[in-house]
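What follows is the residue order along each chain.
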Amino acid sequence: MESKTNRIHRVGTLTAGLSLVGFGVLFLLHLFINLNYDFVFRLWPVVLICMGLEMLLANLRDREYKYDTGSVILLLCLMLFATCMAGADICITELTEMMYHI
């Protein structure tokens, strides 16, 4: 007899992995081609869209699924980090321009 193992899909791991790679590439591009942090800041809704799509796809399949709490927390931290980095860059840029234009 074949034993069938029912694999539990952890919703959130795929989105977390893709988000880490995506935001890492964007921050790396910022270092080399001076990609504006404002552009990176505007991409944060993509994380929510990917998470929602992953939840919908997991719900459509017959497999058992479970939400990966660690990945969801990691995604929230990633979005907070991206927002803070973008805000800090904008503040530093604005303060520097104000100091040199006075």
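For the structure, see preceding data.
Keep in mind that what you see is a predicted model, and the values were worked out from it rather than measured.

A few words on the overall build of the protein chain. On a plain count of helices and strands, the protein chain comes out with four helices and two strands. Along the protein chain, helices and strands appear, N-terminal first, in the series β-α-α-α-β-α. Every one of the 102 residues in the protein chain was classed for burial, and the buried ones make up 23%. Once local pairs closer than 6 in sequence are excluded, the contacts in the protein chain between residues at least 24 apart make up 79%. Put simply, the protein chain shows about 7900 Å² of open surface, and 69% of that area lies on carbon and sulfur atoms.

What follows deals with the environment of Met 79. Relative to the assigned elements, Met 79 resides in helix α4 (residues 69-101). Placed 60 residues apart in sequence, Met 79 and Ser 19 show a C-alpha to C-alpha distance of 9.3 Å.

Turning to the side chain of Thr 15, a few remarks are in order. With respect to the element layout, Thr 15 can be found in helix α1 (residues 13-33). A residue is classified by how much of its surface remains accessible, and Thr 15, at 2% relative accessible area, is buried. Once you skip the residues sitting within four places of it in the chain, Thr 15 turns out to touch Val 47, Cys 50, Met 51, Glu 54 and Leu 75.

Residues Val 21, Val 25, Leu 28, Leu 29, Leu 31, Phe 32 and Ile 33 make up a contiguous nonpolar surface patch of roughly 730 Å² in combined accessible area. Judged by relative accessible area, Val 25 falls into the partly exposed class, the value being 44%.

Attention now moves to the nonpolar core. Residues Phe 23, Leu 26, Phe 27, Val 40, Val 47 and Leu 75 are the most contacted members of the largest nonpolar core, which totals 14 residues. Broken down by element, the residue count for this core peaks at five residues, all from α4. Leave out the neighbours within four places in its chain, and Phe 23 touches Val 40, Leu 43, Trp 44, Val 47, Leu 78 and Ala 82.

Before going further, it helps to spend a moment on the packing of α1 against helix α3 (residues 44-60). The geometry of α1 relative to α3 is characterised by a closest axis approach of 9 Å and an angle of 155° between their N-to-C directions. Between α1 and α3, the angle falls in the class roughly antiparallel. Remark: the crossing between α1 and α3 carries right-handed chirality. On the side of α1, the interface is formed by Thr 13, Leu 14, Thr 15, Ser 19 and Phe 23, while α3 contributes Trp 44, Val 47, Cys 50, Met 51 and Glu 54. For the contact of α1 with α3, a count of residues per class yields six nonpolar, three polar and one charged.

How each quantity is defined
Residues numbered from 1 in each chain as written. Predicted model: local features only at pLDDT ≥ 70, side-chain atom pairs only at ≥ 80, totals over all residues. Heavy atoms only, no water. Helix = DSSP H or I, 4+ residues; strand = E, 2+ residues; numbered from the N terminus. Buried < 20%, exposed > 50% of the residue type's maximum accessible area, 1.4 Å probe, protein only. Contact = heavy atoms within 4.5 Å. Areas by Shrake-Rupley, 256 points an atom, 1.4 Å probe, with all protein chains shown as cover. Patch = residues over 30% accessible without salt bridge, like charges linked within 9 Å, V, L, I, M, F, W, Y side chains within 5 Å. Salt bridge = Lys/Arg side-chain N within 4 Å of Asp/Glu carboxyl O. Core = buried A, V, L, I, M, F, W, Y, C linked by side-chain atoms within 4.5 Å. Axes fitted to C-alpha atoms, helices over the stretch in contact; angles between N-to-C directions. Parallel < 35°, antiparallel > 145°, perpendicular 65-115°, else oblique. Left-handed = near helix turned anticlockwise from the far one by under 90°. Nonpolar A, V, L, I, M, F, W, Y, C, P; charged D, E, K, R; others polar.

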